[in-house]
Amino acid sequence: MLLGGRMLKNVQNVNSWQVATTLLLREGNATTVYFQIMDVEQASDINDEQGLRYMPAAGSTMTITISSINSANVITRIATQPFPLDTSIWQFSILATDKIAQGNLTFTLTELGVAKTGVISRAIALQSLNPSLC
């Protein structure tokens, strides 16, 4: 099993959301980030890059990390499962004071006492409010 995932946008409930190739965030805005974990080795065909959703066992926990070149800007959060009927969907909060970087989202899923890591490539894109940045 190789864990990965996909970012979700416009999340309303367990049955109402859209897949986002990359989640666009604006610097300084607090938001709740949603994503779905997948077993990327279980792709149904050559054109399916996502794989099958992965439903971890009850009581599983998750920690996410958004990395940065500047170690002071690394974000680590506990993710939670907002929808008990679909345990493949997780959420975490970005605070208005967070200095996030764009790029990959790394997560550690602890399931039945075993830690499994996963990566969502190009998960986050950031719009900066700093006019001096390109």
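No experiment lies behind these values; they were computed from the predicted model shown.

Conventions adopted
- Residues numbered from 1 in each chain as written.
- Predicted model: local features only at pLDDT ≥ 70, side-chain atom pairs only at ≥ 80, totals over all residues.
- Heavy atoms only, no water.
- Helix = DSSP H or I, 4+ residues; strand = E, 2+ residues; numbered from the N terminus.
- Rg over C-alpha atoms; globule rule 2.2 N^0.38 Å.
- Salt bridge = Lys/Arg side-chain N within 4 Å of Asp/Glu carboxyl O.
- Buried < 20%, exposed > 50% of the residue type's maximum accessible area, 1.4 Å probe, protein only.
- Polar contact = N/O pair within 3.5 Å; in protein donor to acceptor, adjacent residues only side chain to side chain.
- Contact = heavy atoms within 4.5 Å.
- Core = buried A, V, L, I, M, F, W, Y, C linked by side-chain atoms within 4.5 Å.
- Phe/Tyr/Trp six-rings, centres within 6.5 Å; stacked < 30°, edge-to-face > 60°.
- Pairing = 2+ DSSP bridges.
- pLDDT = per-residue confidence, 0-100.

**Section: the overall build of the chain**
Right, so step 1: Counting secondary structure elements, the chain contains 0 helices and 10 strands.
Right, so step 2: The N-to-C order of helical and strand elements in the chain reads β-β-β-β-β-β-β-β-β-β.
Right, so step 3: For the chain, the C-alpha radius of gyration of 15 Å lies close to 14 Å, the compact-globule estimate for 134 residues.
Right, so step 4: Projected onto its principal axes, the C-alpha positions of the chain cover 45 × 35 × 30 Å.

**Details of the pattern of salt bridges**
Right, so step 1: Summed over all chains, the structure comprises 3 salt bridges.
Right, so step 2: As a salt-bridge pair, D86 and R53 come within 2.9 Å of each other at their nearest N and O atoms. Placement of D86 in the loop between β7 (75-79) and β8 (89-94) and of R53 in strand β5 (residues 52-53) is noted, with a sequence separation of 33 residues between them.
Right, so step 3: The buried category is assigned to D86, whose relative accessible area is 5%.
Right, so step 4: The class of R53 is partly exposed, set by a relative accessible area of 46%.
Right, so step 5: R77 is paired through a salt bridge with D98; the nearest N and O atoms lie 3.0 Å apart. Placement of R77 in strand β7 and of D98 in the loop between β8 and β9 (103-111) is noted, with a sequence separation of 21 residues between them.

**What to know about the side chain of R77**
Right, so step 1: With relative accessibility at 19%, the residue R77 sits in the buried group.
Right, so step 2: Of note is the side chain of R77, whose polar atom sits 3.0 Å from the side chain of D98.
Right, so step 3: Once you skip the residues sitting within four places of it in the chain, R77 turns out to touch M62, T63, I64, F92, S93, L95 and D98.

**A word on the nonpolar core**
Right, so step 1: One finds M7, F35, M62, I64, L105 and F107 to be the most contacted residues of the largest nonpolar core, which totals 24 residues.
Right, so step 2: Listed by contribution, the elements that provide at least two residues to this core are β1 (3-13), β3 (23-26), β4 (31-39), β6 (61-66), β7, β8, β9 and β10 (114-127).
Right, so step 3: When sequence neighbours within four positions are dropped, the list of residues in contact with L105 reads M7, F35, I64, T65, F92, G118, V119, I120 and A123.
Right, so step 4: Counting 6 residues, the second largest nonpolar core, distinct from the first, contains V14, Y34, F83 and I89.

**Some details on the packing of aromatic side chains**
Right, so step 1: Going through the model one piece at a time under the given rule, you end up with 2 aromatic pairs.
Right, so step 2: Taking 6.1 Å as the distance between ring centres and 35 degrees as the angle between the ring planes, the aromatic pair formed by F35 and F107 counts as tilted. Of this pair, F35 sits in strand β4 while F107 sits in strand β9, and the two are 72 residues apart along the sequence. Summarising the burial analysis for this pair, F35 and F107 share the class buried.

**Quick look at the pairing of β6**
Right, so step 1: The side-chain alternation of β6 yields one buried face, formed by M62, I64 and I66, and one unburied face, formed by T61, T63 and T65.
Right, so step 2: Strand direction decides the pairing type here: β6 and β7, joined by 5 bridges, are antiparallel. Following the sheet pairing, M62 is matched in β7 by A79.

**Focus on the confidence of the model for the chain**
Low-confidence regions, as indicated by low pLDDT, have predicted coordinates that should not be scrutinised in detail.
Right, so step 1: With 92% of its residues at a pLDDT of 70 or more, the chain has an overall mean of 89.
Right, so step 2: Confidence, read as mean pLDDT per element, is least for β5 in the chain (88) and greatest for β8 (97).

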